[in-house]
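# Working through the structure, step by step
Spelled out from the first residue to the last, the chains are:
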Amino acid sequence: MRAYDTDAKAGRTEGVENTMFDTGDVGVFLGLDVGKTAHHGNGLTPAGKRLGSYCASSS
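Here's a quick rundown of the structure.

Calculation criteria
Residues numbered from 1 in each chain as written. Predicted model: local features only at pLDDT ≥ 70, side-chain atom pairs only at ≥ 80, totals over all residues. Heavy atoms only, no water. Helix = DSSP H or I, 4+ residues; strand = E, 2+ residues; numbered from the N terminus. Contact = heavy atoms within 4.5 Å. Buried < 20%, exposed > 50% of the residue type's maximum accessible area, 1.4 Å probe, protein only. Pairing = 2+ DSSP bridges. Axes fitted to C-alpha atoms, helices over the stretch in contact; angles between N-to-C directions.

Moving on to the side chain of Thr45. In this structure, Thr45 sits in the loop between strand 2 (38-44) and strand 3 (50-57). Apart from residues lying up to four places away in sequence, Thr45 is in contact with Gly27, Phe29 and Leu51.

Spelled out as structure tokens, the structure:
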């Protein structure tokens, strides 16, 4: 294992079973998908209104 690797595993929830996040101060939620050939992003308001969408080629 490299020095900067962790032992985290996908789906691991130890210690976060009852964790809640306060999103009251959040104005925009961003969703990002960084793929090998294209990147895609979305912005949403807390009410779920779509603010915009962006798609770009990574080449």
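Our next topic: the pairing of strand 1 (residues 29-34). For strand 1, a buried count of zero out of six residues is recorded, marking the element as mostly open to its surroundings. Counted along the chain from strand 1 to the antiparallel partner strand 2, the turn is three residues long.

Spatially, three strands are ordered 1-2-3 in an open sheet, and the strand pairing comes out antiparallel. Every other strand in the sheet has two partners, leaving strand 1 and strand 3 as the edge strands with one partner each. Ignoring which end each strand starts from, the neighbouring axes of this sheet average 10° apart. Where strand 2 and strand 3 come together, seven bridges link them in antiparallel fashion. When the bridges of strand 3 are listed, His39 appears paired with Ala56.

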